[in-house]
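Descriptive structure summary
The primary structure of each chain is shown beneath.
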Amino acid sequence: VRDSAGVVAGLGVVYLAGSGHAARQQKGPYMGEPPSTRRPKRTLLDWVEWIGNKLPDPALLFVIGALLVMAISAIGASAGWSVQAKRLEVVTAPVLDEAGLPVVDTETGLPRVEPVLGEDGRPQTRLVEDLTQNNGQPFTARSLLSADGLYYAISSMVDNFINFPPLGIVLVGMLGIGLAERSGFIGAVLKAVMLVVPKRLLTPTMVFLGIMSSLATRATSRPSG
Amino acid sequence: MTSREWNGLGWAVLVVTLVSGLLVAAAVVPGWPLSDSRGPLGAISGVARAPDHFDRWVESIVPLLFLVFLLPGVVYGVATGVIRRGADMAKLMVESMAAMAPIIVLSFFAAQFIEYFKYSHLDKMLAYSGGTMLAESGLSPSALIVAFILLTATFNLLIGSMSAKYSMFAPIFVPMLMLVGISPELTQCAYRIGDSVTNVITPLNAYLVIILVVMQKYAPKAGMGTLISTMLPYTIVFTVVWTAMLLAWMALGLELGPGGPLTYTPQ
């Protein structure tokens, strides 16, 4: 099975990582003593795990984020932060005729312009103020801790939730995919494919199915992946 | 696989074929529900005809996926006896929704955070000041893309949900990188790389527990740390190789897909 993993070019990656993994395995970590009898060496990975376990739930992270936004918005509003909206604009130059005079468009009566090309042959661009946004005014921080801000924070809660773009998509998608999974259909498809496929192609097929099932569930997106 | 399962699978595949055929017909035959006024070619290419309006089949892709999975699922369930009454079907759906409870809770708080961010204008201020800084820094698009991949991969350790994280990232980074001439398509491509490579090493990924249980069937003494340290080489190799692949793609200057350019050029 291992040899055939190299067949498809993309699988080489998996194969390389896999052989590195096999080398690790010989030294062991999980072939060694159980962690209780020997004091485990604190590696970077142990710290990663330790910190990971200390982190609050993702939902709580967003609560903390919301509180931070409230605090920062109040600071920004009182400090008078402002940022002008910008946009990219193609640099243009008037079209000149042989005498070096601007060519006038007969339909509009305005001088004709053309994009200036950069060294790479693409139109050159520059940053300009975007006056279509916020009535041309710079954006200023709006405090969520003012009376209006706090009223907004409370009154908008239900709307914010039901209008959260991914929510409806995920739930509708999972109504269909979840049923297909729970009735055993998806499992049966996977099993059937694995039965039909010859042994040497099992690893590539497994990788392919993994990608496909990830795509299928990703199309409607999944909780934590 | 039992003969009953093969039988159910046969019926289900038949239904998938029929439903898919019908949906393709509905998108291609003029006057059918999913067909577009621009004719079959437009309906197939899926190119937007106005900035805020896609072809009908693109607009309805989620309900279509719902049907394409639901119908064969039901047929398979009926054929194998998993579904005997209407109530069984409802029960399977309730179970699916119950499994989604964590994301509903997460969505509630993520939505508040994102909307508060919007209300405060801090999102636009961050996008425009960041974008202006990036444009003036003179960093190459490749360097910015690599930085964005690493940023996404790091955030993914904390917030696993792809959609919740993108709702937070997109309003800031899409316009920010557009100011440097990077297309939204390329930004999302980089996002996808960063979002995937660290999934298998973050202790906050709910599925990691499931992987651990399966792993313990073969290595009973394995713990979360064993799993993470086993998978870390994959994360590193994937990050390096996928970033290199994207950079090579950018160097070739190929489009990411039909109508999906690498660079953003204003009209």
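This write-up is about the structure you can find in this document. (Residues numbered from 1 in each chain as written. Chains lettered and ligands numbered in written order. Predicted model: local features only at pLDDT ≥ 70, side-chain atom pairs only at ≥ 80, totals over all residues. Heavy atoms only, no water.)

Broken down by element type, chain B carries 12 helices and 0 strands. Each helix (α) and strand (β) of chain B, taken in turn from the N terminus, gives the series α-α-α-α-α-α-α-α-α-α-α-α. Summarising its shape, the C-alpha atoms of chain B cover approximately 65 × 60 × 40 Å along the three principal directions. For chain B, the proportion of its 267 residues judged to be buried stands at 46%. A fraction of 59% describes how many contacts in chain B between residues 6 or more apart in sequence connect residues 24 or more apart. Of the accessible surface of chain B, which amounts to about 12,700 Å², a share of 73% is contributed by carbon and sulfur atoms. Separation of charge centres in chain B, based on 13 positive and 13 negative side chains, amounts to 12 Å. (Helix = DSSP H or I, 4+ residues; strand = E, 2+ residues; numbered from the N terminus. Buried < 20%, exposed > 50% of the residue type's maximum accessible area, 1.4 Å probe, protein only. Contact = heavy atoms within 4.5 Å. Areas by Shrake-Rupley, 256 points an atom, 1.4 Å probe, with all protein chains shown as cover. Lys, Arg positive; Asp, Glu negative; His and termini not counted. Charge placed at Lys NZ, Arg CZ, Asp CG, Glu CD.)

Another point: the overall build of chain A. Along chain A, the regular secondary structure elements total 8 helices and 6 strands. Ordered by position from the N terminus, the helices and strands of chain A form the series α-α-α-β-β-β-β-β-β-α-α-α-α-α. The buried share of chain A, reckoned over its 225 residues, is 32%. The long-range fraction of contacts in chain A, counting pairs at least 24 apart against all pairs at least 6 apart in sequence, stands at 55%. Roughly 14,200 Å² of accessible area belongs to chain A as shown, and the carbon and sulfur atoms make up 62% of that amount.

When two helices pack together, their arrangement is given by the angle between the helix axes and the distance between those axes. Where helix α4 (residues 147-155) of chain A meets helix α6 (residues 101-119) of chain B, the closest approach of the two axes is 11 Å, and the angle between their N-to-C directions is 150°. For the element pair α4 of chain A / α6 of chain B, the angle class is roughly antiparallel. For the pair α4 of chain A and α6 of chain B, the crossing hand works out as right-handed. Taking contact as the criterion, the partners of Asp-148, Gly-149, Tyr-152 and Ala-153 of chain A in α4 of chain A are, on α6 of chain B, Glu-115, Tyr-116 and Tyr-119 of chain B. Classifying every residue of the contact of α4 of chain A with α6 of chain B by side-chain character gives 4 nonpolar, 1 polar and 2 charged. (Axes fitted to C-alpha atoms, helices over the stretch in contact; angles between N-to-C directions. Parallel < 35°, antiparallel > 145°, perpendicular 65-115°, else oblique. Left-handed = near helix turned anticlockwise from the far one by under 90°. Nonpolar A, V, L, I, M, F, W, Y, C, P; charged D, E, K, R; others polar.)

It is worth spelling out the interface of chain B and chain A at this point. If you look at the interface, chain B gives 91 residues, while chain A gives 91 residues. For the chain B and chain A pair, buried surface summed over both sides reaches about 8,200 Å², with 77% attributable to carbon and sulfur atoms. Along the contact surface separating chain B from chain A lie 2 salt bridges. The closest approach of N and O atoms between Glu-95 of chain B and Arg-182 of chain A, which form a salt bridge, is 3.9 Å. With 16 residues, α6 of chain B is the largest single contributor of residues to the side of chain B that touches chain A. Residues that form the side of chain B that touches chain A fall into these classes: 61 nonpolar, 23 polar and 7 charged. (Buried area = accessible area lost by both parts, 1.4 Å probe. Salt bridge = Lys/Arg side-chain N within 4 Å of Asp/Glu carboxyl O.)

With that settled, the discussion passes to unusual backbone geometry. A positive phi angle is found at Asn-134 of chain A, which is not glycine, with a value near 55°. Relative to the helices and strands, Asn-134 of chain A is located in the loop between β5 (125-129) and β6 (139-140). A positive phi is found at His-121 of chain B, a non-glycine position, where the angle reads about 70°. In this structure, His-121 of chain B sits in the loop between α6 and α7 (122-137). For His-121 of chain B, a relative accessible area of 15% corresponds to the buried category.

Residue and element names in this part refer to chain A. One can find Ser-73 in helix α3 (residues 58-79). Here Ser-73 falls in the buried class, since its relative accessible area comes to 0%. Separated by 70 residues in sequence, Ser-73 and Ser-143 have C-alpha atoms that sit 4.7 Å apart.

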